[in-house]
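# Report on the structure
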Amino acid sequence: MSNLSEVRRLRNMNKSAIVLHSLVLVFIVAYGTIKRQSLEKESNAVDKPYNCFLIADRLRYDAASDKVVQSVQTTSIELDMLLLVCLFVGVTIVAHIIHYARVSKIQATGTNYLRWIEYAVSASIMIVILLILSTGRQSYLVLAVFVMTFVEMFQGYFIEKNIMQRDMSSAYLHVFLGWVLFAAAWTPVIGYLYDAAGAGRNNMSEANDSPDSLEHLIWIIFIFFALFGVVNLVHVWKARKTHRQFQDASVYKNVMKTYFLKYIEPAYITLSFVSKTALVIWVASAVLISPLTWIKFPSELDA
């Protein structure tokens, strides 16, 4: 009966997530479209206010200084910020619809591989948005951060799989790899944030500076991303404790399945919704009301 109540609760959580994410998507599409039309009418600017520009960097040898330096080329790719935000929210809605239909399967296996596929896509898009907002515009860097986050998310699935197989050594390995990839992906985001906030903007006017809340947003999302790793650690800790307590494999699996349904899956759903909503609200309040002027200027990391 306990597992049945947990299944019912998990279905309700996914149903709520579908409704709430749908409301967020409707809001951002309506608000973004209205603001875009308003700004374009007011400014008649050639530059589209919602486009982010990725700069294609190349290394070259400078004979005068005897150093390898970067050569910043012209804009090569345009990404629409509103489209990116709608994309990761839309992917999340579709994923929760699938999760709702698969709750019984999740209960039976004690894992949810489709959640990690969704996170691999949505979390990678989210961190790319943050990197661009931090003025990291090199195409190779954006691709590298996307791929690292994509691979990082799949470590969560491997951890869940290893736990159900009682393979604690492999679970620890994937926890370690997940944290390494997490650090590697976030290093350029934070590096560009503080370069752009400091010396990289010395030659900019105040009007071209990024919103003060950008730093707060990035650290908030950073903390939420880190909490996913903390949930992984708690999951592994519980599995290790249960592994020592119960030698019988069937008892171990039943305990871990119940724990997964009661605590782990709801924790992921909650963290996912809060982190995505925080990013959407910030983009709506700080980005969609003005041109992204600060990311059009090279920072000292591009020099």
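Everything below is about the structure printed above this text.
Keep in mind it's a predicted model, so treat the numbers as computed, not measured.

### With respect to the pattern of salt bridges
Taken as a whole and judged by the stated rule, the model has four salt bridges. With a closest N to O distance of 3.0 Å, Glu-6 and Arg-9 form a salt bridge. Of the two residues, Glu-6 and Arg-9 are both situated in helix H1 (residues 2-43); the distance of three residues between them amounts to about one turn of the helix. Accessibility expressed as a relative area gives 9% for Glu-6, which makes it buried. Across the pair Lys-276 and Glu-118 runs a salt bridge whose closest N-O atoms are separated by 2.6 Å. Residue Lys-276 is located in helix H8 (residues 249-287), and its partner Glu-118 is located in helix H4 (residues 113-133); the two are separated by 158 residues in the primary sequence. Here Glu-118 falls in the buried class, since its relative accessible area comes to 5%. Through salt bridges with shared partners, a single network forms among Arg-115, Glu-160 and Glu-265.

### Observations concerning empty space enclosed by the protein
A full pass over the atoms with the stated rule returns two cavities of 30 Å³ or more. The space that makes up the largest cavity amounts to roughly 140 Å³. The wall of the largest cavity is formed by 16 residues, among which Glu-152, Gly-178, Phe-228, Gly-229 and Asn-232 lie closest to the centre. Mapped by element, the contributors of at least two residues to the lining of the largest cavity are helix H5 (139-164), helix H6 (168-197) and helix H7 (213-245). For the lining of the largest cavity, the per-class residue count stands at nine nonpolar, six polar and one charged. The computed volume of the second largest cavity comes to approximately 90 Å³. Around the second largest cavity sit Tyr-119, Ser-122, Ala-123, Met-126, Met-153, Phe-225, Phe-228, Ser-272, Ser-275 and Lys-276, which together line it. Elements represented by at least two residues in the lining of the second largest cavity include exactly H4, H7 and H8. If one sorts the elements of the lining of the second largest cavity by residue count, H4 sits on top with four residues.

### Here we look at the packing of H4 against H5
H5 packs onto H4 with a crossing angle of 150° between their chain directions and a minimal axis gap of 8 Å. Taken together, H4 and H5 sit at an angle that is classed as roughly antiparallel. Remark: the crossing between H4 and H5 carries right-handed chirality. Of the residues assigned to the contact of H4 with H5, the class counts are 19 nonpolar, three polar and two charged.

Analysis parameters
- Residues numbered from 1 in each chain as written.
- Predicted model: local features only at pLDDT ≥ 70, side-chain atom pairs only at ≥ 80, totals over all residues.
- Heavy atoms only, no water.
- Salt bridge = Lys/Arg side-chain N within 4 Å of Asp/Glu carboxyl O.
- Helix = DSSP H or I, 4+ residues; strand = E, 2+ residues; numbered from the N terminus.
- Buried < 20%, exposed > 50% of the residue type's maximum accessible area, 1.4 Å probe, protein only.
- 1 Å grid on protein atoms, 1.4 Å probe; cavity = no way out; pocket = protein on both sides within 12 Å on 5 of 7 lines; lining within 4 Å.
- Points joined across faces, edges and corners; volume = space filled by probe spheres on them.
- Nonpolar A, V, L, I, M, F, W, Y, C, P; charged D, E, K, R; others polar.
- Axes fitted to C-alpha atoms, helices over the stretch in contact; angles between N-to-C directions.
- Parallel < 35°, antiparallel > 145°, perpendicular 65-115°, else oblique.
- Left-handed = near helix turned anticlockwise from the far one by under 90°.

Any link to function would need more than the numbers given here.
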